[in-house]
Structures are given as C-alpha cells and as structure tokens.
Number of protein chains: 2
Amino acid sequence: MTRVAVLVSGGGTNLQALLDAWKGGTMPKAEFVCVVSNRKKAYALERAKKAGVEALYLPTVRYKTNDEYAIALRDLLQERKIDLVVLAGFLVVLGKPFIQAFQGRIINIHPSLIPSFCGNGFYGLKVHEEALKRGVKVTGATVHFVDEGTDSGPIILQKAVDIDPEDTPETLQLRVMQNCEWKLLPEAVRLFSEGRLKIEGHRVRILKEDLKEEDVQ
Amino acid sequence: MTRVAVLVSGGGTNLQALLDAWKGGTMPKAEFVCVVSNRKKAYALERAKKAGVEALYLPTVRYKTNDEYAIALRDLLQERKIDLVVLAGFLVVLGKPFIQAFQGRIINIHPSLIPSFCGNGFYGLKVHEEALKRGVKVTGATVHFVDEGTDSGPIILQKAVDIDPEDTPETLQLRVMQNCEWKLLPEAVRLFSEGRLKIEGHRVRILKEDLKEEDVQ
C-alpha cells in the first residue's frame, strides 16, 4: 500500500479530485494518510476531515528558516511512513532536507505544458495570464516529479487543452483544472501506487499494467 | 485573390501539403504563384513544377550580405505581386529589408508548441531531439506570423500531439508533420486568404466565416 500525503495552501480542488478518485475505488493501492497545510484556514483541511483523512496545520512562522520548516515537515511525514508526497497548490518552497528525504517520491501539478510558462514566478493565475498574453492557442497541465529546481523535474503526464478566443485567465484556469489537472493528478498517483513510474534520467517511463519492472526492457 | 509564394530549402513535404489542399479546392481565394529555394537541388522545386507553379532558385552565394539577399528576394516577390509569404522549411535567416516589406504577411511553421523548444538553434530534427531529451509527453506544431525575432511572432494556430514512449526523433518528427504541420499550414493559408486573421498586439484573432472585420467587436 502506498501511503500518500497531500500538501496544500488553498481551497484544495486538486485534493478533492484525488479524494474523489480514491473514494471511487480507482486507486486501490493508495491510502491517503494526511493532508498538510501551511495556512490554518485552507479549505483543503475541511475537505480532508470530511474524507476521514488526518488534517494537519504546519505554519511557517513557527520556524526560523526554510530548512527548519523542511525538517519539521519531513519528520511529520516520516513519522506517518509516507511513501508519496503530492503537492496540490502548496505555496511554500520546499527546502533541501525535505526534497532529499523524499527524492523521487514527490509529485507536483503545474497548470501549463512544461517547459512553457513555468519556473520562478509562474504559479496560479499568473501562468494563464502569461499564456494569454503570449497568444498561444494550446495550453494544458503537467504532473512531474519534484527535484531541487523549479518545475524542472522529470515529467510524468501532460494533457493539452485548446484556448478559447474569449478566454480570460479565470475561465482558462478553470478549464485547465477540469480538463487536465483533475484527471492527471489522480492518474499519476494511481500509476505511482501501482509501481508503474520509472524515472530514467530526465524521462519517466510508464510501465505497462501487470508487468513488473524486471519484465520490461 | 491572395497571391502566395512559398520559400523552401529541402524536400518540401509542407509545400506538398499546401499544393494538395489548394488543388483539392479547399482554398479558393489563394493562388500559389511561385516557390523559391536557396538550394538548387531542393526537391520542393520539382514539386512546384509538377503543380504548374513557377520554381525559382535564388542562391545566397550570389550576394555579399544577408541584407542584399533579403533585398533580391523581396524584389523577386514584389515583381510577382505576392501578398503572402509562407516559410516551409526555409533555412536562410530573412533580413530586415524582407521582413519589413512583408510585415504581417509572412507565416512560418515550427514543429513544437511555442514557446517550448523554439528560438535560436531549434530547427528540424533538433526540436524533436530536445523534446524527447526533456521527457515531455505532449508536443505539436505552431503556425505563426514572422517578426524580427526567432519564433517570436504572433501565433496563428497550434495543434498538440502525444509523444509515444517508443518515439525516436525521426518517428516523432513524422507524426508531428502528419498530424499537425500538414493540417495547420494549409488551414492558416486558407484563413489568411479569406481575410480572417487579425493581429491584435501579440495575439491573432480568427474572425468568423462570412464576417467582415468591421462586424466583429
């Protein structure tokens, strides 16, 4: 069983998509153990409680440095024997001690087709504002493993969506969520929990169902 | 009638897609007037002749500077009263005198979803090599107006395609051509010839069929 923790800062619609998929039985090898927020009032904590998942509040202000926060968060998750960490709109930069402890076991969702519109400064609505400003006709979302860079880790899944000529950043954000994010993130957790994601350098190979790693060339 | 010139350096599969669409009657408001190549042996010139389109060979070695080449090319096309210039794998950097003479009337096809994998050094197979190296799961193609930057002009059309885990740069290049480039480029020429592409700052608005510009807000 893959023990999953979800880190969030906001409303948690991606968390809800995960919990719905889990409750719906689509990821029998995953167990959602806890949801952690750096913001006390994050609605995501309510969503966790409603689903019977432990809801934890870990504010950054309690810690002097980003690394101390990273260590506290790491310890919190290690106590709970977490196998997979899902970032679902977590607006704290994760320090090295955390990234290293969960190397290859942290996944993030980003609302664009990486490498477009990603990196420092690209988060939330800003991503969609920039896409519309550049005048692209296609955008999408990306689930990727987290490394020590920003949005630079190996890509697990991507899905494209057409931009509508009348889109505002808000309508585009919603469509990218509905058509891409809410589908990709549960799918990525399912694949991880089934042991089907294999990082090969900077690429992620998705192993076929019912094949163990050793069966694949 | 929109008088079209196509500039090519190589085999001209995109040119062929254009000629096929034109001969098939899908762009009644376009007329393909000439094809220009900087390489004498470009097979694209044969394709032009077979379609009854003037085939012109304009080598760069005849000219001392890039600007002189740009002026010669400009004059060649202006003599033929060209309205639209299509770059279909033309590997000469177009100098300012040319770009300025055909401002807003030059379109290019690029084998990625701009702004991913574009700019200096990204052309041909190199684009697909880089996409595979980065491990993206979705790529595609972009038709855009040409400005004085590299791949920086307003985007007209984009189309996405999934990457297959077994893709090599060559198989990916072919699929991007078949699924994206050969569809997007004729569509863009058709829209241009129908007067339906409106550049608004850095965005291209596609006007609805049978609406004149003044009917659209």
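Structure report, in brief.

Cut-off values and rules
Residues numbered from 1 in each chain as written. Chains lettered and ligands numbered in written order. Predicted model: local features only at pLDDT ≥ 70, side-chain atom pairs only at ≥ 80, totals over all residues. Heavy atoms only, no water. Axes fitted to C-alpha atoms, helices over the stretch in contact; angles between N-to-C directions. Helix = DSSP H or I, 4+ residues; strand = E, 2+ residues; numbered from the N terminus. Parallel < 35°, antiparallel > 145°, perpendicular 65-115°, else oblique. Left-handed = near helix turned anticlockwise from the far one by under 90°. Contact = heavy atoms within 4.5 Å. Nonpolar A, V, L, I, M, F, W, Y, C, P; charged D, E, K, R; others polar. Buried area = accessible area lost by both parts, 1.4 Å probe. Salt bridge = Lys/Arg side-chain N within 4 Å of Asp/Glu carboxyl O. Polar contact = N/O pair within 3.5 Å; in protein donor to acceptor, adjacent residues only side chain to side chain.

## Side note on the packing of helix α1 (residues 13-23) of chain A against helix α6 (residues 169-193) of chain A
Residue and element names in this part refer to chain A.
Phase 1 of the analysis: At a minimum axis distance of 9 Å, the contact between α1 and α6 shows a crossing angle of 55 degrees. By the angle class used here, α1 and α6 are oblique. The interaxial crossing formed by α1 with α6 has right-handed handedness. Mapping the contact onto sequence places Thr13, Asn14, Ala17, Leu18 and Ala21 in α1 and Met177, Glu181, Trp182, Leu185, Pro186 and Val189 in α6.
Phase 2 of the analysis: Looking at the contact of α1 with α6, its residues break down into eight nonpolar, two polar and one charged.

## Focus on the interface of chain A and chain B
Phase 1 of the analysis: In this complex, chain A contributes 27 residues to the contact, which on the side of chain B involves 27 residues.
Phase 2 of the analysis: Of the roughly 2,200 Å² buried between chain A and chain B on both sides combined, carbon and sulfur atoms contribute 48%.
Phase 3 of the analysis: Broken down residue by residue, the surface that chain A buries against chain B is led by Arg134, Lys137 and Arg203 of chain A, which jointly contribute 31%.
Phase 4 of the analysis: Inspection of the region where chain A meets chain B yields two salt bridges.
Phase 5 of the analysis: On the surface where chain A and chain B come into contact, there are 15 residue pairs in polar contact (both at pLDDT 80 or more).
Phase 6 of the analysis: Contributions of two or more residues to the side of chain A that touches chain B are made by α5 (125-134), β7 (155-162) and β9 (203-206) of chain A.
Phase 7 of the analysis: Its residues placed into classes, the side of chain A that touches chain B shows 13 nonpolar, six polar and eight charged.

Shape is all these values report; function is a separate question.
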